[in-house]
Amino acid sequence: MKLEQVVVPVSDVDRARHFYRALGFRLDRDEVVDGFRVVQLTPPGSACSILVGTNLGSGRPGSSSCALRVADLEEACAELRGHGAALGPVRASRVGFSDPDGNEWLLVGG
């Protein structure tokens, strides 16, 4: 088994799409299918993507928590800050940030 997609509940699909694209996520898909808007974005170097959209699940915006492993935490932090992400303090080789809806992201070094 491989995890391929994770739904990240958001209140504004276009705002979320812009936020994740600004962080360097690749836009794989943005389409409406049977009344569902599906936007698929993949973090750089990842085989797993996120889905944001309308009518994708029952989660409320801001209820998701995800983690990204990075080879160089300092470099990844500098890059994300350069793209406007507000990162918290680095603690034990980890740092957190949130998207505009409050979905939590954790960067893990190593």
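Draft legend 1. Local environment of the pattern of salt bridges. Under the criterion given, the structure shown has six salt bridges. Here Asp14 ties to Arg37 by a salt bridge, and the two come within 2.9 Å at their closest N and O atoms. Here Arg37 lies in strand S3 (residues 36-42) and Asp14 lies in helix H1 (residues 13-22), a separation of 23 residues in the sequence. With a shortest N-O distance of 2.9 Å, Arg29 and Glu31 are connected by a salt bridge. A residue is classified by how much of its surface remains accessible, and Glu31, at 36% relative accessible area, is partly exposed. Several salt bridges converge on common partners, so that one network encompasses Asp14, Arg17, Asp30 and Arg37.

Draft legend 2. Main features of helix H2 (residues 73-82). Turning to H2, its buried residues are Leu73, Ala76, Cys77 and Leu80. Projection of H2 onto a plane perpendicular to its axis shows the buried side chains occupying an angular sector of 100°, all on one side. Seen from the open side of H2, the exposed residues pointing more than 90 degrees away from its buried face are Glu74, Glu75 and Gly82. Buried residues along H2 sit in contact with strand S5 (65-70), strand S6 (94-98) and strand S7 (104-109). Its side-chain oxygen placed 3.1 Å from the backbone nitrogen of Glu74, Asp72 serves as the N-cap of H2. Phi turns positive, to about 100°, at Gly84, one or two residues after H2.

What counts and how
Residues numbered from 1 in each chain as written. Predicted model: local features only at pLDDT ≥ 70, side-chain atom pairs only at ≥ 80, totals over all residues. Heavy atoms only, no water. Salt bridge = Lys/Arg side-chain N within 4 Å of Asp/Glu carboxyl O. Helix = DSSP H or I, 4+ residues; strand = E, 2+ residues; numbered from the N terminus. Buried < 20%, exposed > 50% of the residue type's maximum accessible area, 1.4 Å probe, protein only. Arc of directions from axis to C-beta. Contact = heavy atoms within 4.5 Å. Polar contact = N/O pair within 3.5 Å; in protein donor to acceptor, adjacent residues only side chain to side chain.

Without other data, these values stay purely geometric and don't point to any function.
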